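Single-letter residue listing:
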Amino acid sequence: MPSLAAAGLTLLPLGYLARRATEQGWPVVTDLLGRQRTLELLGRSLLLAATVTLACIVVGVALAWLIVRTDLPFRRTWAVVAALPLAVPSYVAAFSWLAVDPGFEGFWAAAMVLTLCSYPYVYLPVAAALQRIDPALEEVSRSQGLSALGTFVRVQLPQLRFAATSGALLVATYTLSEFGAVSLLRYDTVTRGIYTSYRASFDRTPAAVYGCLLAAVTALIVFAEYRTRGRGRYFGNAPSRRPVVLRLRAWRWLAVALPLTLAALALAVPAMATVYWSAKGSSSAVWDEVITAGWTSLRFALYAGVACAFFAIPLGVLAARHRSWLSGLIEQVTWVVHSLPGLVIALSLVFFGIRLANPIYQQTPMLIIAYVVLFLPLAVGAIRASVAQSSPGLEEAARSLGDSARTAMRRITLPLALPGIGAGTALVMLATVKELPATILLRPTGADTLATQLWTATSVGRFAEAAPYAAAIVLVAAIPTLAISRWSRSTSTLEATQ
Amino acid sequence: MGSVLSSSIFARLIGARRTVALIGIPLLTFGVAGCGAIGGGSGDADLTIYSGRAESLVADLITDFEDSSGLEVEVRYAETPELAAQLLEEGDSTSADVFYSQDGGALGALSKEGLFTKLPDDLISAVDPKYRATDSTWVGVSGRARVFVYNPDEVEPPKSVYELTGPEWAGKVGYAPTNASFQSFVTAMRVLAGEEKTREFLIGLKQNGKVYEDNGVTLDAVEAGEISLGLVNHYYLFERQAEAGDTPLNTQMAFAEPGDPSSLINVAGVGILEGSDDLEAAEEFVTYLLSDEGQQFFATTTFEYPLVAGIDAAEGVPPLSSIKGPKIDLSDLDDLQATQELLAEVGMI
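Residues numbered from 1 in each chain as written. Chains lettered and ligands numbered in written order. Predicted model: local features only at pLDDT ≥ 70, side-chain atom pairs only at ≥ 80, totals over all residues.

Comments concerning the domain arrangement of chain B
Residue and element names in this part refer to chain B. For chain B, the domain assignment lists domain 1 (47–142 + 266–319) and domain 2 (144–264 + 335–345). Measuring from the centre of the C-alpha atoms in domain 1 to the corresponding centre in domain 2 gives 27 Å. Taken together, the contact between domain 1 and domain 2 spans eleven residues of the former and ten residues of the latter. A class-by-class count of the residues in the side of domain 1 that touches domain 2 yields four nonpolar, five polar and two charged. (Domains from an automatic or database assignment. Contact = placed C-beta atoms within 7 Å. Nonpolar A, V, L, I, M, F, W, Y, C, P; charged D, E, K, R; others polar.)

Here it is as structure tokens:
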């Protein structure tokens, strides 16, 4: 029940958008939608989302395969390093690249930065799935004469589809809603159009019409993904052995180039830029303030992570076990909302919050509600995936031995889903630490987070003062990131050692 | 089979104990902190200000006001347009008493929606009518001029900003297209010269110029010899000079001939919200901003122009009355949409 309420909350932004879009009458809406610029922006948004998603799938799958299934040198280290770019906010990455080359701009610049920041969304679930695949299938394939590559394409890849598409959906919706990097790197998208409309003309109608457009397009993408997911079964018997490791021989050292290049581009560039800003500028941050802001960020992230997990568990179980039109609808709505820019969601909650929840408006609970609306699908997705991978046969066995449905859920389903619950919580924490627009408008007065402090410093060009905050965001966000990569591996190791 | 199954679940549970702790403990904290926050609440302050001006610029000013008035002030900082949007959504229920905006455009937009209450005439009459709303709903408190900063060893400043598109300026000009003041200047050009001429100018400027993140970085580039001329706000040069102390800078500033859009003067200002329940305190704040003390703060600390007659700008800053900017109504600059679309079209932002 509380979960349905939470799912209902995610409808608020859509209701708000519909209201604002139509308040000046339908002719205004149709006129805006019919403009050439609107179509251009939509085309550019979709092109970027498609490119980034595809690039993330290629990079994420290749990296996961190298790390899990080959004798790549230092694979344990790479397994951790490969997930870390998730901790780097896209706006920090974009700033860093601009520090290296002020002319770094346009479509390819934006596509590259967004790919570097979001490929772990694909890498992590695919790596976990690769460890779970039963090696027996591959042995059969190899024994029938298929090459290693052929086996990968025809046997492993189909089994990775589920993991890869869930990550891809995350990347696609994130790219559609992203503002910081596309704006810094001067690539015009629908989201940027929404910000321009608020910032330039203080006119909320075009912003809302664009928001509705974005929501409608995402709904199509999400629906398509939902349909292709189909009614396939994604659980199998837990493999009895460790996955087969392919010997790369001389290619080993060449293969290292991939994780090494990614780490250099996604991690070393921001690190270097941070050092450069610190060294160059005359301003400096007060360490006490960095620590206070870090603690505030961490606190909000914990609340948000726990709140999202709490609401997401029933939704995730429902989506995995009892597919119905309702569970499907709820899931799709949360994804659609995830594709909306943070500012739109923040303003919709300003609108409803001040009218319906005035006592908590601009208080911590209201901010946490905003985070739930923004990030619920991250937790639902992770929990759904882990429930779907455990066999319902286990629950049936428990039921046949006399457990009630509730007890079976508590004793079987939830413990099996724990890694997913942990990963979902961590994903939300990670996103919360990096979040800016909703935090700024809805935080309790005077509560400075790392992200708001970074904004405070950069908005007046004090880059040296900003540097420690940028570094601290990455460090704090690295904690949940490490937890995610650990959980996704520990599940598989457990299974492999049974 | 059964034992294998249960032992595997057992193994998971042991492995998961830490997870449970990780989730459970914060859940408890969440509950406790949540209740605390509801109980504590804010709104205890005598005055709530939504400030679109940066904390680093105005925090000291607000502290000075607290000291002199004995009032407790709460300030929420964000970008001016975001706060304007928030105030539009909050409507009359807002807890804000005063909106302190970085530019006149946002004040004009909120005034149009009827969010501001009228300011008493005796309070704002000291400010030149050019720099306040005709219906007295908002008042400018400090001004900034757009200027050329240039290296006199390298170039002579142009008479008009349009000259900068000529071939002799190739690679020598710096500007910050995402900066709100730059966009106001482009808007002024659109109002004065029309879309077509502005587009031509922007295309020419893009070819000749280098893009910087903001005014400060643009000025630094002139100072470092990377470029010869920059389009910035006047006070950056004086901030740099104050930082450098007695060491002379390589950079000087100049204005174009009278009426040129490049010498636009824009203001930061305030309005009192219709929904304010601390009207007296709000008016006291506006009075303070326009008092000698408040105006001196702008002159000496931010090197902006005081807008109250009789108070001079900082030493070395050319007097406001000497700047012959374009004849334009600041409230005509509230529609930046077309400007931003134009800037996007030519690929500047």
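That shown, we press on.
Observations concerning the environment of Y119(A)
Looking at the element boundaries, Y119(A) is found in the loop between α7 (107–118) and α8 (120–132). Residue Y119(A) is classed as buried on the basis of its C-beta count, with 28 C-beta atoms lying within 10 Å. (Helix = DSSP H or I, 4+ residues; strand = E, 2+ residues; numbered from the N terminus. Buried ≥ 20, exposed ≤ 12 C-beta atoms within 10 Å, placed from the backbone.)

Describing the environment of L254(A)
Relative to the helices and strands, L254(A) resides in helix α14 (residues 251–255). Residues L254(A) and L72(A), spaced 182 residues apart in sequence, show a C-alpha to C-alpha distance of 9.4 Å.

Comments concerning the confidence of the model for chain B
Residues and elements named next belong to chain B. Averaged over all residues, the pLDDT of chain B equals 84, while 87% of them reach at least 70. Considering only residues more than four positions removed or in separate chains, one finds that residues 1–42, a stretch of pLDDT under 50, has 42 contacts. Confidence metrics for the complex model read pTM 0.85 and ipTM 0.85. (pLDDT = per-residue confidence, 0-100.)

Observations regarding the pairing of strand β5 (residues 139–150) of chain B
Residue and element names in this part refer to chain B. Here β5 lies mainly inside the structure; twelve of its twelve residues are buried. In this structure, β5 lies alongside strand β10 (residues 265–273), joined through six bridges in antiparallel fashion. Residue pairing for β10: A145 is matched across the bridge by I265. Of the pairings in the sheet, the one linking β5 to strand β8 (residues 229–233) comprises five bridges and is antiparallel in character. Residue pairing across strands places F148 opposite L231, the latter belonging to β8. One ladder, built from three bridges, connects β5 with strand β9 (residues 252–254); its direction is antiparallel. (Pairing = 2+ DSSP bridges.)

Quick word on the pairing of strand β1 (residues 47–51) of chain B
Residue and element names in this part refer to chain B. Among the five residues of β1, five are classified as buried, and the element is accordingly described as predominantly covered. Here β1 shows a buried face lined by L47, I49 and S51 and a second buried face lined by T48 and Y50. The pairing of β1 with strand β2 (residues 73–77) spans five bridges and is classified as parallel. The residue of β2 that forms the bridge with I49 is V75. Regarding topology, helix α2 (residues 55–69) serves as the crossover connection from β1 to the parallel β2, and that connection is right-handed. Both β1 and strand β3 (residues 98–101) contribute to a ladder of three bridges, which runs parallel. When the bridges of β3 are listed, S51 appears paired with Y100. (Right-handed = clockwise from strand over helix to strand, strands pointing away.)

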